[in-house]
There are 2 protein chains.
Amino acid sequence: MSKGKIYVVGIGPGNYENMTLRAIKALEESDCIAGYTVYCDLVRDKFPDKEYIQTPMMGEEKRVELALEAASNGKIVSIICSGDPGVYGMAGLALSKVEALPDMEVEVIPGVSAAFSGAALLGAPLIHDFSVISLSDRLTPMELIEKRLRLAAQGDMAIVLYNPQSKSRSGYLAKAYEVLAEYIEPERVCGIAWNIGRQGQRYKIFRFSNLKDIDADMFSTVFIGNSRSREILGRMVTSRGYDSEK
Amino acid sequence: MSKGKIYVVGIGPGNYENMTLRAIKALEESDCIAGYTVYCDLVRDKFPDKEYIQTPMMGEEKRVELALEAASNGKIVSIICSGDPGVYGMAGLALSKVEALPDMEVEVIPGVSAAFSGAALLGAPLIHDFSVISLSDRLTPMELIEKRLRLAAQGDMAIVLYNPQSKSRSGYLAKAYEVLAEYIEPERVCGIAWNIGRQGQRYKIFRFSNLKDIDADMFSTVFIGNSRSREILGRMVTSRGYDSEK
């Protein structure tokens, strides 16, 4: 029996064009593609002849177990993640579950995470130091999330919010607003990108005072500027401090 | 005369395989490629017939001006950046210089930044909330850098250090160590990746107490784990908090 292998692959924001050549090659080489149903649907067109292991949201543990089982049976399996597999993705879970299978080869293939595909759409909000914080309290206590928001704002770092809210977690952005409003002035430039690289892609630049009212969903990413973020010709741009930017 | 255009393109860590299809198409379409000499050398093999505008390190303002001049003369110009153009890259400078040329089209094409290509190599150090901080004080006062380090560590965020040190900035990692040692225990898992995606690629997992002695250069990226980072089979893995990771 041939030796199986696991790739944990970042497919980028969703469209084929934003995948790396390395990610495409890994999927081509794979017998089997494992992923959240929505992500499988994003790649099926280009890779129709693969065996698919699909599990719903929150089925991550099961998904990795099924992928490992297939790989243990000699298959090459790609566990796909939107964006980058190492940012709120499956790379950590895959590597920790492999602890019991030390002979299993696992290769993590990076991709373009929503922080960067969204930033490119908006302009250049993350050009200097920044913090990436998820508002999901499914696996993290809300107190810790709020503490991180506070500290990032105190450090005048630009902030990217992943998982700003969802149907089951409504009002989380308003909660983040309350926490951050102590440190951030109402006129601070902010942005949001929806459905990056997918049908319905759009973005909006707004002021911090409107953060609580922004229509964010689980397919959106929110950007809060630092004190040097400006709006330039409809884009959100943070200064690095070059002479001409002063 | 045809209308010029600017692409600001992330070429990823350096090898062709880690470029996105979108970045490759932009370079194919371009008449002219502008970049730091080292990055131009990384792509010249695959795009030999382009006109190259090369400027040395610290020549960023000049580089963007030359690129804009060429685009104003009707050329399609790609300003290339290693990694992602929106993370310590040229996207901000390009967008701010275009303020005086509102008809010039500028498209930012995201790429895989060293935080993620390095993380993939090391394992999954950034799987949850994290801060990205540059140790370069060329454009940022050292007091602000130190403040950000302190705040990120207080928030128990994983930390990625860009530009950890260079020949002209030696001892900066030791300085960061002094600042962080107040918050981070000596046994904390850390990692470093050198020359990601290029000749001489390697990585090392180490403990925080060794941070001050690590041989970092300007082609390396340093990862400081959070309190839930572990070493698993020679990889650096941060837990997201799944049941099986506890």
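Residues numbered from 1 in each chain as written. Chains lettered and ligands numbered in written order. Predicted model: local features only at pLDDT ≥ 70, side-chain atom pairs only at ≥ 80, totals over all residues. Heavy atoms only, no water.

K.L.:
When you look at the relation of the copies chain A and chain B in this model, what are you seeing that I'm missing?
P.N.:
Between the two copies of this chain, the relationship is a rotation about some axis together with a displacement along it. The two copies are related by a screw operation: chain A maps onto chain B through 180° of rotation and 0.0 Å of translation along the axis, at an RMSD of 0.0 Å. One copy is carried onto the other by what is essentially a two-fold rotation axis. (Least-squares fit on C-alpha atoms with pLDDT ≥ 70 in both.)

K.L.:
What exactly am I supposed to notice about the state of the cysteines here?
P.N.:
Linking two cysteines covalently via their sulfur atoms produces the bond known as a disulfide. Residue and element names in this part refer to chain B. Within the structure shown, the criterion is met by zero disulfides over all chains. Cysteine Cys-32 shares no disulfide, and the gap to the nearest cysteine sulfur, in Cys-40, comes to 9.1 Å. The class for Cys-32 is buried, based on a relative accessible area of 0%. (Disulfide = S-S within 2.5 Å. Buried < 20%, exposed > 50% of the residue type's maximum accessible area, 1.4 Å probe, protein only.)

K.L.:
What is the right way to read the sheet that holds strand E10 (residues 202-207) of chain A from this model?
P.N.:
Working definition: the strands of a sheet are paired by backbone hydrogen bonds and lie parallel or antiparallel to each other. Pairing is mixed across the open sheet formed by 10 strands, whose spatial order is E10(A)-E9(A)-E11(A)-E8(A)-E7(A)-E7(B)-E8(B)-E11(B)-E9(B)-E10(B). The open sheet terminates on both sides in strands that have one partner only, identified here as E10 of chain A together with strand E10 (202-207) of chain B. Direction aside, neighbouring strands of the sheet carry axes that sit 15° apart on average. Where strand E9 (residues 189-194) of chain B meets strand E11 (residues 220-224) of chain B, five bridges bridge the pair, whose relative direction is antiparallel. Bridging from a neighbouring strand, Ile-192 of chain B pairs with Val-222 of chain B of E11 of chain B. Along the sheet face, helix H5 (residues 114-122) of chain A touches strand E7 (130-134), strand E8 (158-162), strand E9 (189-194), E10 and strand E11 (220-224) of chain A and points at about 70° away from the line of E11 of chain A. Here helix H5 (residues 114-122) of chain B sits on the sheet in contact with strand E7 (130-134), strand E8 (158-162), E9, E10 and E11 of chain B, set at roughly 70° to E11 of chain B. (Pairing = 2+ DSSP bridges. Helix = DSSP H or I, 4+ residues; strand = E, 2+ residues; numbered from the N terminus. Axes fitted to C-alpha atoms, helices over the stretch in contact; angles between N-to-C directions. Contact = heavy atoms within 4.5 Å.)

K.L.:
I keep staring at the interface of chain A and chain B and nothing clicks. Help me out?
P.N.:
By convention, interface size is frequently given as the accessible area that disappears when the constituent parts associate. Contact with chain A, which involves 68 residues of that partner, is made by 69 residues of chain B. When chain A packs against chain B, close to 6300 Å² is buried across both sides, 58% of that on carbon and sulfur atoms. The interface formed by chain A and chain B includes 39 residue pairs in polar contact (both at pLDDT 80 or more). Looking at which element gives the most residues to the side of chain A that touches chain B, the answer is helix H4 (residues 91-97) of chain A, with six residues. For the side of chain A that touches chain B, a count of residues per class yields 32 nonpolar, 18 polar and 18 charged. (Buried area = accessible area lost by both parts, 1.4 Å probe. Polar contact = N/O pair within 3.5 Å; in protein donor to acceptor, adjacent residues only side chain to side chain. Nonpolar A, V, L, I, M, F, W, Y, C, P; charged D, E, K, R; others polar.)

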